[in-house]
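These are the residues of each chain, in order.
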Amino acid sequence: MRGVLGKSRKMICSLLSQAPVSPAYYYRSSPSIYKPKPSNRFSWGFLAPIPSPAIRVFCSKPGEVGGLMASSVQNQGSISYLTQREAAEVDETLMGPLGFSVDQLMELAGLSVATSIAEVYKPSEYNCILAICGPGNNGGDGLVAARHLYHFGYKPFVCYPKRTQKPLYSGLVTQLESLSIPFLSVDELPMDLSKDFDILVDAMFGFSFHGAPRPPFDDLIKKLINLHYYEQAQRKSPVIVSVDIPSGWHVEEGDVGGDGIKPDMLVSLTAPKLCAKKFSGPHHFLGGRFVPPAIAEKYKLQLPQYPGMSMCVRIGKPPQIDISALRENYISPEFLEEQVEADPLDQFRKWFDDAMAANLKEPNAMALSTTGKDGKPSSRMVLLKGVDKDGFVWFTNYESQKARQLSENPHAALLFYWDGLNRQVRVEGSVEKVSDEESEQYFHSRPRGSQLGAIVSKQSTVVPGRHVLHQQYKELEEKYSKESLIPKPKYWGGYRLKPERFEFWQGQPSRLHDRLEYSPQETDGKRVWKIVRLAP
């Protein structure tokens, strides 16, 4: 049977790898819609407004804060834990007077589990997943998680031995089958789960389970327990992710005998249960961003704030990480000389359009590096606000540190980094101020609050405290409350970098990155761009 599974696994993984995978972005308000927002094409002059990004789910590195993702660390001691009775009452209240349905809560729970997994275990390294699902709601959470994980770029398999015929669960099975996600019977599973799967999702039993697990789940739990001994023998072992309660644990007392499942990740739902205090694995997340104030007040719940639009948040300290061991093996299409545009500005627009279409956060963010007469470099992030045949435009305070350095040395470097696409663009050249008319035009296109903020901020100067800025801002609000036009301060305006060198970088496996450099040269009295490949 092991050979049958191995053969089946290779075939399914091959098919799934060829299937179109939905983009790794979704809208929290409508989890069933998997499509990027239409991109605003890059145009000459000022950039179009950048749309709010959807949630990125698998590009952050293990243990890192992933932009909008769930790496906010919450002090475990300040978070409430529920007893079994309280957890049941919370569910009854949610599905009673507060109007939630079982399928709503299950969808949110499964999505939370999938995003927690994607936050730590990236599909490029942990690809094949086995979700072991029980007959109840916990198993339903696992089925939903498997669907989302497929759309996130993983290759999920499902073991669902005790199916219920309720329409909700039958519908979830149909959804998975429509994605060609294979269902494996218990007999088709190998004796040693470590050889076929990178991640095992334990979604067998939740907090409402009583008594001892019955077949076939008792043997499945033993398979997961045995993986702990493989680790002790320094054998490769898949990571275990438990949904809400590690199966076989007591809901309040935890792993009573000390020989139960030892998951690497626990995804608590709604609020952590008392047994979660006994969890000693490296990754504890809370998911289920749906607890209304009425429940929080009734049960005096202290729950962490979810960052941004994330569906999960890390609880407790992240594992200690050896910085020297952090590395990314980039997987990207080849970037070849015969594929690029002859004009680097056209190539830049092409890549910028890709970043916009991928819904990356602030694709117009760029590092600006300058040096003054002392030769000491200084860098900071600014926002690109326009690009044309003459160069790249941004706006700032003309009395800031960067402005002083540019007055002493009018040359600078820009760096765009688009992590989700494994790309960066370097631009170097001379810098000059844009016209007053251009600065005026952009200043008055900004939100009114941003205009007032530009007046208040004497950039790079020392202020006694934040309250001073707020007070000055309030005074300006009152001063211009009846004015339709706020005058642009003389010390605020734009700069334009005129490119003299471009480099386009595409990350590739084994550090054999693609680097194509554009430099100007004269040919027949005309300025053309020479393209060469640089060693990575």
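Residues numbered from 1 in each chain as written. Predicted model: local features only at pLDDT ≥ 70, side-chain atom pairs only at ≥ 80, totals over all residues. Heavy atoms only, no water.

An unreviewed UniProt entry lists the protein under the name NAD(P)H-hydrate epimerase, with Gossypium hirsutum as the source organism. Heading Function (unreviewed entry) of the UniProt record for the protein holds this comment: "Catalyzes the epimerization of the S- and R-forms of NAD(P)HX, a damaged form of NAD(P)H that is a result of enzymatic or heat-dependent hydration. This is a prerequisite for the S-specific NAD(P)H-hydrate dehydratase to allow the repair of both epimers of NAD(P)HX." Of the protein, the UniProt comment under Subunit (unreviewed entry) reads exactly: "Homodimer." (UniProt positions renumbered as here; feature names shortened; annotations may be inferred.)

Attention now goes to the overall build of the protein. Along the protein, the regular secondary structure elements total 12 helices and 20 strands. Looking at the protein as a whole, 51% of its 536 residues qualify as buried. Pairs at least 24 apart in sequence give 73% of the contacts found in the protein among residues at least 6 apart. Accessible surface, the protein: about 25900 Å² in total, of which carbon and sulfur atoms supply 52%. (Helix = DSSP H or I, 4+ residues; strand = E, 2+ residues; numbered from the N terminus. Buried < 20%, exposed > 50% of the residue type's maximum accessible area, 1.4 Å probe, protein only. Contact = heavy atoms within 4.5 Å. Areas by Shrake-Rupley, 256 points an atom, 1.4 Å probe, with all protein chains shown as cover.)

Turning to the nonpolar core, a few remarks are in order. Core analysis: the largest hydrophobic core is formed by 57 residues, its most contacted members being Ile 117 and Val 158. Per-element tally for this core: the top contributor is helix α3 (residues 102-120), with 10 residues. (Core = buried A, V, L, I, M, F, W, Y, C linked by side-chain atoms within 4.5 Å.)

Before going further, it helps to examine the UniProt feature "binding site: K(+)" (unreviewed entry) in the protein. Taking the UniProt record as the reference, the feature "binding site: K(+)" (unreviewed entry) is found at Asn 138, Asp 202 and Ser 247. Maximum C-alpha separation among the annotated residues is 9.9 Å over a sequence range of 110 residues, consistent with a single clustered spot. As for its placement among the helices and strands, Asp 202 is situated in strand β7 (residues 199-203). Judged by relative accessible area, Asp 202 falls into the buried class, the value being 0%. Every residue in contact with Asp 202, bar those within four places of it in the chain, is listed here: Ile 132, Asn 138, Leu 224, Ile 240, Val 241, Ser 242, Val 243, Ile 245, Pro 246, Ser 247 and Ile 261.

Burial in helix α10 (residues 436-443) covers these residues: Glu 438, Ser 439, Tyr 442 and Phe 443. Buried positions in α10, seen along its axis, are confined to an arc of 130° and lie on one side of it. Residues Asp 436, Glu 437 and Gln 441 are exposed on α10 and point more than 90 degrees away from its buried face. (Arc of directions from axis to C-beta.)

With that settled, consider unusual backbone geometry. Between Pro 215 and Pro 216 the backbone carries a cis peptide bond, its omega angle lying at 0°. With respect to the element layout, Pro 216 can be found in the loop between β7 and α6 (217-232). Positive phi outside glycine occurs at Asn 422, with the angle close to 55°. Looking at the secondary structure, you find Asn 422 in the loop between β16 (411-418) and β17 (423-433). Here Asn 422 falls in the buried class, since its relative accessible area comes to 13%. Backbone geometry at Ser 460 places phi at a positive 75°, although glycine is not the residue there. Relative to the assigned elements, Ser 460 resides in the loop between α11 (448-456) and α12 (466-479).

What follows covers the pattern of salt bridges. Within the structure shown, the criterion is met by 18 salt bridges. The closest approach of N and O atoms between Glu 89 and Arg 85, which form a salt bridge, is 2.9 Å. Taken together, the positions of Glu 89 and Arg 85, both in helix α2 (residues 84-95) and four residues apart, correspond to about one turn of that helix. One salt bridge connects Glu 438 with Arg 496, and the closest N-O pair in it is separated by 2.9 Å. (Salt bridge = Lys/Arg side-chain N within 4 Å of Asp/Glu carboxyl O.)

Here we take up the packing of α3 against helix α4 (residues 137-151). Packing of α3 against α4 brings their axes to within 7 Å, and their N-to-C directions diverge by 55°. Classed by the angle they form, the pair α3 and α4 counts as oblique. In the crossing of α3 with α4, the sense of the turn from one axis to the other is right-handed. Facing Val 102, Met 106, Glu 107, Ala 109, Gly 110, Leu 111, Val 113, Ala 114 and Ile 117 of α3, the residues of α4 in contact are Asn 137, Gly 140, Asp 141, Val 144, Ala 145, Arg 147, His 148 and Leu 149. (Axes fitted to C-alpha atoms, helices over the stretch in contact; angles between N-to-C directions. Parallel < 35°, antiparallel > 145°, perpendicular 65-115°, else oblique. Left-handed = near helix turned anticlockwise from the far one by under 90°.)

Put simply, the protein has an average pLDDT of 85, and 84% of its residues get 70 or more. Contacts from residues 1-46, a stretch scored under 50 in pLDDT, to residues over four places away or in other chains number 102 contacts. A low-confidence stretch, residues 48-69 (pLDDT under 50), is modelled with 74 contacts involving residues beyond four sequence positions or located in other chains. (pLDDT = per-residue confidence, 0-100.)

Working definition: an aromatic ring pair is given by the centre-to-centre distance plus the angle between the planes. Tallied over the full model, the rule gives 25 aromatic pairs. A network of ring pairs unites the aromatic residues Phe 335, Phe 348, Trp 351, Phe 352, Phe 392, Phe 416, Trp 418, Phe 502, Phe 504, Tyr 518 and Trp 529 as a single cluster. (Phe/Tyr/Trp six-rings, centres within 6.5 Å; stacked < 30°, edge-to-face > 60°.)

To continue, consider the pairing of β17. Note that β16 and β17 share eight bridges and pair antiparallel. Residue pairing in the sheet places Phe 416 in a bridge with Val 425 of β17. Counting the residues in the hairpin turn of β16 and β17 gives four residues, including Asn 422, whose phi is positive at 55°. Bridge analysis of β17 against strand β18 (residues 492-506) gives 11 bridges, and the strand direction is antiparallel. Across the sheet, Val 427 pairs through a bridge with Phe 502, a residue of β18. (Pairing = 2+ DSSP bridges.)

When the terminal C-alpha atoms of helix α8 (residues 344-357) are compared, their 20 Å separation across 14 residues agrees well with the 20 Å that a helix rising 1.5 Å per residue should span. Of all 14 residues making up α8, 10 are buried, and the element is well covered by its neighbours. Residues of α8 that are buried: Pro 344, Leu 345, Gln 347, Phe 348, Arg 349, Trp 351, Phe 352, Asp 353, Ala 355 and Met 356. Directly beyond the C-terminal end of α8, a positive phi value near 60° is found at Asn 359. (Expected span 1.5 Å × (residues − 1).)

This brings us to the side chain of Lys 402. As for its placement among the helices and strands, Lys 402 is situated in helix α9 (residues 401-408). Of the side chains bearing the opposite charge, Glu 399 lies closest to the buried Lys 402, which forms no salt bridge; the N-O distance is 12 Å. At 2.6 Å, the side chain of Lys 402 forms a polar contact with the side chain of Gln 459. For Lys 402, the contacting residues outside a window of four places in its chain are Leu 368, Thr 370, Arg 380, Val 382, Thr 396 and Gln 459. (Lys, Arg positive; Asp, Glu negative; His and termini not counted. Polar contact = N/O pair within 3.5 Å; in protein donor to acceptor, adjacent residues only side chain to side chain.)

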